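Analysis of the macromolecular model
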Amino acid sequence: ESGRAEYVLGNHEIHLISVCDELRNIVSRPEDSKIDLLRGALWIAKLDNSELNIDSYLQTIDSMAKAVRKRIKPTMEPSEKLATLDRYLFRENGYHGSRTDYYHEANSHLDRVIDDREGLPITLSVLYISLAQRLDLKVVGVGLPGHFVVRHEPPGKAPQLIDVFDRGQRLSQNQANVLAFRMAGRPPVDDDFKAATHRSILIRMLTNLFGVAQSKQEPEATLRYLEGLVAVVPESDRDLFRLRGQRAVLRHQQGRKRAAVEDLDWILEQQPEGLDLSPIRSMREMFAK
């Protein structure tokens with residue numbers, strides 16, 4: 001693209017490319033459990049903040065975990081260790097769900113959540129999962145409809161759902177059903193209670209940011225999050241066709257005609273089953289003029 005007279009990449013686009021390359025690298029691990037969720041969440045935040053020092057925040061999380069570990073005794077049960085984390089995070093440091101300006105993008109940026117001590121259910125959950133992991137506690141994400149929670153899965157013990165947004169409130173199955181129905185207007189199904197993959201958590205974080213940018217009619221921000229989504233959504237996912245089609249339109253609107261055509265060419269080359277390609281061909285012909 002930089003060789004075309006029609007458009008020259010600026011510092012903003014170069015930064016965007018480098019962040020998306022890093023996100024793509026993070027999710028490229030063959031095993032999902034090897035995907036560094038914390039690092040991925042911080043790189044998502046870096047989409048909007050080129051000055052973000054990711055290593056500094058990784059060190060902050062390590063220091064927080066170390067502070068909790070000092071209070072844990074070897075004789076403690078996993079549930080007691082988790083209660084120690086809760087006291088540190090929610091009571092002593094005041095982390096809580098954001099209720100006054102829920103959709104502010106800062107609530108989706110993990111660095112701001114760490115600094116401001118408030119955030120969305122999913123960003124607070126990423127923080128909680130990352131701290132629990134450093135304390136050798138198995139906590140997984142659970143993407144309920146309309147609300148993200150976590151589940152503690154101690155070996156040989158009953159699992160426990162936890163609402164990190166509500167300062168670590170323990171949830172029964174029935175309470176989780178009611179919460180999901182209240183937030184999304186439908187009861188959860190069994191699949192909603194499966195442990196969320198690390199990749200799916202990063203996709204959900206980007207989707208949240210993308211939705212807010214769309215609702216605010218901010219095309220540059222919308223394109224940023226689309227770029228991030230295209231980087232992390234697997235090529236086997238049919239959603240990628242929709243995302244690349246949307247990205248083609250936004251790229252064209254911002255003068256990146258060649259990049260827009262490349263997205264449309266990719267869709268045409270893939271020959272996706274069940275998708276009418278005639279509108280894509282027409283759009284490509286128009287964009288190529």
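Everything numeric in this text was worked out from a predicted model, so none of it was measured.

**A word on the packing of aromatic side chains**
All told, the structure shown has 2 aromatic pairs when counted by the stated rule. For the pair Phe90 and Tyr128, a centre-to-centre distance of 6.1 Å together with 20 degrees between the ring planes defines the contact as stacked. Separated by 38 residues along the polypeptide, Phe90 in helix α4 (residues 78-92) and Tyr128 in helix α6 (residues 121-134) bring together distant segments of the chain. Across the pair, Tyr128 and Phe90 agree in class, each one buried.

**Points about the sheet that holds strand β6 (residues 169-171)**
An order of β3-β4-β5-β6 is seen for the 4 strands of this open sheet, with the pairing classed as antiparallel. Of all strands in the sheet, those with a lone pairing partner are β3 (139-144) and β6, marking the two edges. Strand-to-strand twist in this sheet, taken as the mean axis angle between neighbours without regard to direction, amounts to 40 degrees. Bridge analysis of β3 against strand β4 (residues 147-152) gives 6 bridges, and the strand direction is antiparallel. Each residue of the ladder has a partner; that of Gly143, found in β4, is Phe148.

**Quick word on the pattern of salt bridges**
Tallied over the full model, the rule gives 24 salt bridges. Where Asp263 meets Arg247, a salt bridge forms, and the shortest distance between an N and an O atom there is 2.7 Å. Here Arg247 lies in helix α10 (residues 239-253) and Asp263 lies in helix α11 (residues 257-270), a separation of 16 residues in the sequence. Neither residue differs from the other here; Asp263 and Arg247 are each classed as buried. Through salt bridges with shared partners, a single network forms among Glu227, Arg244, Arg247, Arg251, Arg256 and Asp263.

**Considering the pairing of β3**
For β3, a buried count of 6 out of 6 residues is recorded, marking the element as mostly surrounded by other parts of the structure. Side chains Val139, Gly141 and Gly143 of β3 all project onto a buried face; the interleaved residues Val140, Val142 and Leu144 project onto the opposite face, where all are buried too. Here β3 folds back onto β4, and the loop between the two strands holds 2 residues, one of which, Gly146, carries a positive phi near 75 degrees.

**What about the packing of helix α2 (residues 37-46) against α6?**
Across the interface, α2 lies against α6 with an axial gap of 9 Å and an inter-helix angle of 150 degrees. Relative to α6, the element α2 lies roughly antiparallel. The handedness of the crossing between α2 and α6 is left-handed. Residue-level inspection shows Leu37, Leu38 and Ala41 of α2 in contact with α6, the latter providing Val126, Ile129, Ser130 and Arg134.

Thresholds applied
- Residues numbered from 1 in each chain as written.
- Predicted model: local features only at pLDDT ≥ 70, side-chain atom pairs only at ≥ 80, totals over all residues.
- Heavy atoms only, no water.
- Phe/Tyr/Trp six-rings, centres within 6.5 Å; stacked < 30°, edge-to-face > 60°.
- Helix = DSSP H or I, 4+ residues; strand = E, 2+ residues; numbered from the N terminus.
- Buried < 20%, exposed > 50% of the residue type's maximum accessible area, 1.4 Å probe, protein only.
- Pairing = 2+ DSSP bridges.
- Axes fitted to C-alpha atoms, helices over the stretch in contact; angles between N-to-C directions.
- Salt bridge = Lys/Arg side-chain N within 4 Å of Asp/Glu carboxyl O.
- Parallel < 35°, antiparallel > 145°, perpendicular 65-115°, else oblique.
- Left-handed = near helix turned anticlockwise from the far one by under 90°.
- Contact = heavy atoms within 4.5 Å.

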